[in-house]
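Examining the three-dimensional arrangement
Chain by chain, the residues:
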Amino acid sequence: FVWAQCPALCTRATQGRMAAPPLLGLGRALRRAPVAGCGRRPSTLQPWPPSCPSSSSTACPQPRPEAFACQRRDYGGGASGGHTADGEDDAARSYSALPPAVVRQLRALRTPGEALKFGVENEGADASTLEATLHRLRYLIPTYPSGAAAAAVRKGETSPALTDESRGGWTLERVKADGRFHVLVAALTSRLESCNGRALALSADAAARMSAPTPELRALLERAAEVALERENSFKPRHLTVLALALATHGVHALPAVVPVPGRGEVSAMRELGPAAAFVRAEAMRQMQEFNTSCCASLLEAFRRWGVYDRQLVDMALERIWDDFDAMQSRDAVELIAVLARLGLGRGPLLRRLAQLVFSRLDEFSTRQLVLILHSLARLRFLYRGDLDEVLEALLPNLGVLSNSKISNLLFSLAMCDAEHQASLARLLVVQYAEGRGDKDVASDIDVAWAMAALSLYERYPDVARRLLSRTFSGDVPKSRVALVKLHDVILAADLHGPPLSTIARSRWKAACGHAARDEARRLGASSVHEQVAAALGDLAFVEDPNQPLGRPFKVRRSWDVGWVPVDFFDQASGLALDVELVANPATRRIRHEVLRRKGIKPLRLDVWDWQAARGEAGRRALLAERASEALGRRV
């Protein structure tokens, strides 16, 4: 790819007339500003080196204009799963609405300081110029090297000049504290009233990219929401979903509004939505037939971040995705799988088509996308051993470039799939994460700690486990329910391991994690699948004495605590503890069942996809009887 874009440069490199660091810097620059085909591996590779162009050719093809604008749309999801969109589309930052002279000036900006200076000098410009400046500013704020890149800099293998430190030590905090930044944001806020739908959506998008917004950015988002409410029928689907995702990321919806929900009683037929969410819902339902897959995925992600699950809207969006499936691009499939995983939506027919599409195009995905595919399908319990091995084979050449968060996602995926046959890879990833020089956030530490517990790696790497748990339990108790549920399993595994791991978590952590695990078990235990399993268990009996012709019926207790471990169904007479592995479960019950097994309990994990594949009530009873017989060692 580099050869095709810059033949003269590559000729110099292959002839030994260019040092390695500039060539590495070129690769990093191309990854940040993708041009045609960048971010996707080519389906066919030409032999290296190809026929060398003439050394007299000095002209290198210039990237397309949109290459300078291509950014990730990631509003702070981090390891918990922020929605991203790579590539150029109407939602990404483009310069098509700006005069050529302004476009050239924006492209010439190389540091955040230059962007801030340009913004102040053009304070009186229109909204399109100001929001383009804010987008360019966010793009120029460096993300400092982490993991293997940071190690390479420290060891002298890569020139520090090639890292983002060459931008003068600018950080997001420094930019937000600069007075010129406040002038730029205030000027853009004052012009939102005169914006069209596209400029309004992109202004909110630019503000949302600044994680942890300042009061000025929050005021910009609030004002954008107020202006949008007065612009019915003014947004195209892409601009509407960009606006919705930007507002939802920072919880901008003001006071609740009442929206009727068809099919419910008069009292319960109302749902509270903020004005912005209600506006987006009405606009989306009106023009749903114009939505493509990417728009539908962004819409679902926005309502997830608003904390709203609208069954009617979800069904309409998924039906539209099904109708438009043949036009789906590979990138859209990755985004959609990630959103379905975060929502816990187990729509079997759609997932099967998505999986077939993804695994038929593995050579088109970047390393980051491959990790996201694995992580999402593992959370959906829709990843089988053969598919896992196929993706890992494509990932192996690029393991060294994974960031700490991607390593944690990959380890978590292996643990969710019970991939004991990939134990050597799991050990490699644990060491790579432990030795990574980059920052490690709490979510990544929790995922790695849970994966190590599920794959029985605490005994092999006790020092790594101790450092992980010490970092995690040294801070405040998180508010995330998912994090607390995972930490509950981690504490159980640490107690099995014994001191010193068992003494790291304090009593307040244990109480918070236990409470979250019990609440989650009760919430998920009210599902329709649990009702079906309870009815099937009521029709079964286990043979306590082989000499007795009649078995003893199960007398199960639902949402019961066996010691410190909550289970979905427990029969004390037989010792059977049954858990249903729903798609919505934050993690598998592997660790909990190991604890139960050591207590003499006979645990059983029932996969929801196997349950749904069984035909009718008779098929489900037969499946349950077979699995219970294997767990108990008795005939059921």
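Criteria and thresholds
- Per chain, residue numbering runs from 1 following the sequence as it is written.
- Side-chain atom pairs in this predicted model are given and counted only at pLDDT of 80 or more, local residue features only at pLDDT of at least 70, and totals for whole chains, interfaces and linings cover all residues.
- Here the side-chain values reflect all heavy atoms present in the structure, with hydrogen atoms and water set aside.
- Only DSSP runs of H or I covering at least 4 residues are called helices, and only runs of E covering at least 2 are called strands; the numbering of each starts at the N terminus.
- Between two residues, a contact is recorded if the distance between any of their heavy atoms is within 4.5 Å.
- Where accessible areas are quoted, they stem from the Shrake-Rupley method and a 1.4 Å probe; at the residue level, only the protein chains shown are allowed to cover.
- Any two strands between which DSSP finds at least two bridges are classified as paired.
- Pairing of aromatic rings covers Phe, Tyr and the six-membered ring of Trp, with a centre-to-centre limit of 6.5 Å; geometry is then stacked below 30 degrees between planes, edge-to-face above 60, and tilted otherwise.
- Think of it in three bands: residues with accessible area under 20% of the maximum for their type are buried, residues over 50% are exposed, and the middle band is partly exposed, with areas taken using a 1.4 Å probe on protein chains only.
- Axis angles are defined between N-to-C directions and span 0 to 180 degrees, where every axis is a line fitted to C-alpha atoms and, for a helix, only to the segment in contact.
- Oblique is the label for any angle not covered by the other classes, which are roughly parallel (under 35 degrees), roughly antiparallel (over 145) and roughly perpendicular (65 to 115).
- Each crossing gets its hand from how the near helix is turned against the far one by less than a right angle, where anticlockwise is left-handed and clockwise is right-handed.
- Each residue carries a pLDDT value, the predictor's own confidence for that position, ranging from 0 to 100.
- Residues are grouped as follows: Ala, Val, Leu, Ile, Met, Phe, Trp, Tyr, Cys and Pro are nonpolar; Asp, Glu, Lys and Arg are charged; every other residue, Gly included, is polar.
- Here the expected length of a helix is defined as 1.5 Å per residue gap, with one fewer gap than residues.
- Salt bridge, as applied in this entry: a Lys or Arg side-chain nitrogen positioned within 4 Å of an Asp or Glu carboxyl oxygen.
- Remark: nonpolar core denotes a set of buried residues (Ala, Val, Leu, Ile, Met, Phe, Trp, Tyr, Cys) joined through side-chain atoms within 4.5 Å.
- When charges are counted, neither His nor the chain ends are considered; positive counts come from Lys and Arg and negative counts from Asp and Glu.
- Counted as a polar contact is a pair of N or O atoms within 3.5 Å, where, for protein atoms, one must be capable of donating a hydrogen and the other of accepting one, and residues adjacent in sequence contribute only when both atoms are in side chains.

**Comments concerning the overall build of the protein**
When its secondary structure is counted, the protein shows 29 helices and 8 strands. Partitioning the contacts of the protein with sequence separation of at least 6, the portion at a separation of at least 24 is 72%. A total accessible area of about 28,100 Å² is found for the protein, and carbon and sulfur atoms account for 51% of it.

**Some thoughts on the pairing of strand 5 (residues 556–562)**
Two faces, one strand: in a regular strand the side chains alternate between the faces of the sheet. One ladder, built from 6 bridges, connects strand 5 with strand 6 (residues 565–571); its direction is antiparallel. Its bridge partner lying in strand 6, D561 is registered against P566. Once strand 5 ends, the chain turns through 2 residues before running back antiparallel as strand 6, passing G563 with a positive phi of about 70°.

**Points about the packing of aromatic side chains**
Centre distance and the angle of the planes are the two values used to describe a pair of aromatic rings. Counting across every chain of the model gives 7 aromatic pairs. Both rings, one in F303 and one in W306, keep their centres 5.4 Å apart while their planes meet at 70°; by these two values the pair is edge-to-face. Taken together, the residues span about one helical turn, with F303 and W306 both in helix 14 (residues 293–306) at a distance of 3 residues. Judged by centre distance (5.3 Å) and plane angle (40°), the rings of F542 and F554 are tilted. Here F542 is found in strand 3 (residues 541–542), whereas its partner F554 is found in the loop between strand 4 (552–553) and strand 5, with 12 residues between them in sequence. A relative accessible area of 0% places F542 in the buried class. Classification of F554 as buried rests on a relative accessible area of 7%. Members of the aromatic cluster, each reached through a chain of ring pairs, are F382, Y384 and W609.

**Let's talk about the sheet that holds strand 5**
Ordered by their spatial adjacency, 4 strands build an open sheet running 5-6-7-8, and the pairing between neighbours is mixed. With one partner strand each, in any of the chains shown, strand 5 and strand 8 (602–607) form the two edges of the open sheet. Averaged over neighbouring strand pairs, the angle between their axes works out to 40° when direction is ignored. With respect to the sheet, helix 27 (residues 590–598) is in contact with strand 5, strand 6, strand 7 (576–581) and strand 8, its orientation differing from that of strand 8 by roughly 160°.

**Re the packing of helix 21 (residues 423–435) against helix 23 (residues 462–473)**
Axis separation between helix 21 and helix 23 bottoms out at 11 Å; the angle between their running directions is 55°. With respect to their mutual orientation, helix 21 and helix 23 come out oblique. You can see that helix 21 and helix 23 cross each other, and the crossing is left-handed. Across from V430, Y433 and A434 in helix 21, the residues of helix 23 making contact are V464, R467, L468 and R471.

**Regarding the environment of W322**
Position of W322 relative to the elements: it lies in helix 15 (residues 311–323). A C-alpha to C-alpha distance of 9.4 Å links W322 and R353, two positions 31 residues apart in sequence. Filtering out sequence-adjacent residues up to four positions away, W322 remains in contact with P349, L350 and R353.

**Examining the confidence of the model for the protein**
Low pLDDT means the predicted coordinates in that region are not meant to be read closely. With 77% of its residues at a pLDDT of 70 or more, the protein has an overall mean of 80. Here residues 1–74 scores under 50 on pLDDT; set against residues more than four positions off or in separate chains, the count is 108 contacts.

**Describing the packing of helix 22 (residues 442–454) against helix 24 (residues 481–497)**
Close contact between helix 22 and helix 24 brings their axes to 9 Å; oriented N to C, the two are set at 40°. It follows that helix 22 is oblique to helix 24 by the angle criterion. The two elements helix 22 and helix 24 meet at a crossing, and its hand is left-handed. Note on element contacts: helix 24 touches helix 22 through A483, K486, L487, D489, V490 and A493, opposite I446, D447, A449, W450 and A453. In terms of residue class, the contact of helix 22 with helix 24 is built from 8 nonpolar, no polar and 3 charged.

**A few points about helix 18 (residues 367–379)**
Along an α-helix, residues three or four apart share an orientation, since each turn contains 3.6 residues. Spanning 13 residues, helix 18 covers 19 Å between terminal C-alpha atoms, matching the ideal 18 Å at 1.5 Å per step. All of the buried residues along helix 18 are T367, R368, Q369, L370, V371, L372, I373, L374, H375, S376, L377 and A378. Looking at the buried side of helix 18, the elements it contacts are helix 16 (330–343), helix 17 (348–359), helix 19 (385–395) and helix 20 (404–416). Immediately downstream of helix 18, the backbone of R381 shows phi near 55°, a positive value.

**Points about the side chain of T293**
Along the chain, T293 turns up in helix 14. With a relative accessible area of 2%, T293 lands in the buried category. Setting aside residues up to four positions removed in sequence, T293 forms contacts with I321, D324, M328, D332 and L336.

**A short note on the pattern of salt bridges**
Enumeration over the complete set of coordinates arrives at 34 salt bridges. Notably, a salt bridge pairs D445 with R471, separated by 2.9 Å at the nearest N-O pair. With a gap of 26 residues between them, D445 in helix 22 and R471 in helix 23 connect regions that are remote in the sequence. Of the residues examined, D445 reaches a relative accessible area of 2% and is grouped as buried.

**Concerning the nonpolar core**
Among the nonpolar cores identified, the biggest contains 183 residues, and L137, W306, M452, Y458 and V533 are the most heavily contacted of them. Every residue in contact with M452, bar those within four places of it in the chain, is listed here: V430, L457, Y458, Y461, V464, A465 and L468. If you look at the next biggest cluster of nonpolar residues, it comprises 9 residues, including V565, A577, L596 and I601.

**Section: the side chain of D571**
On the secondary structure map, D571 appears in strand 6. The buried charged residue D571 lacks any salt bridge, with R552 as its nearest oppositely charged partner at 6.5 Å. Of note is the side chain of D571, whose polar atom sits 2.8 Å from the backbone nitrogen of K555. Once residues lying within four places of it in the same chain are set aside, the contact partners of D571 are F542, F554, K555, V556 and L576.

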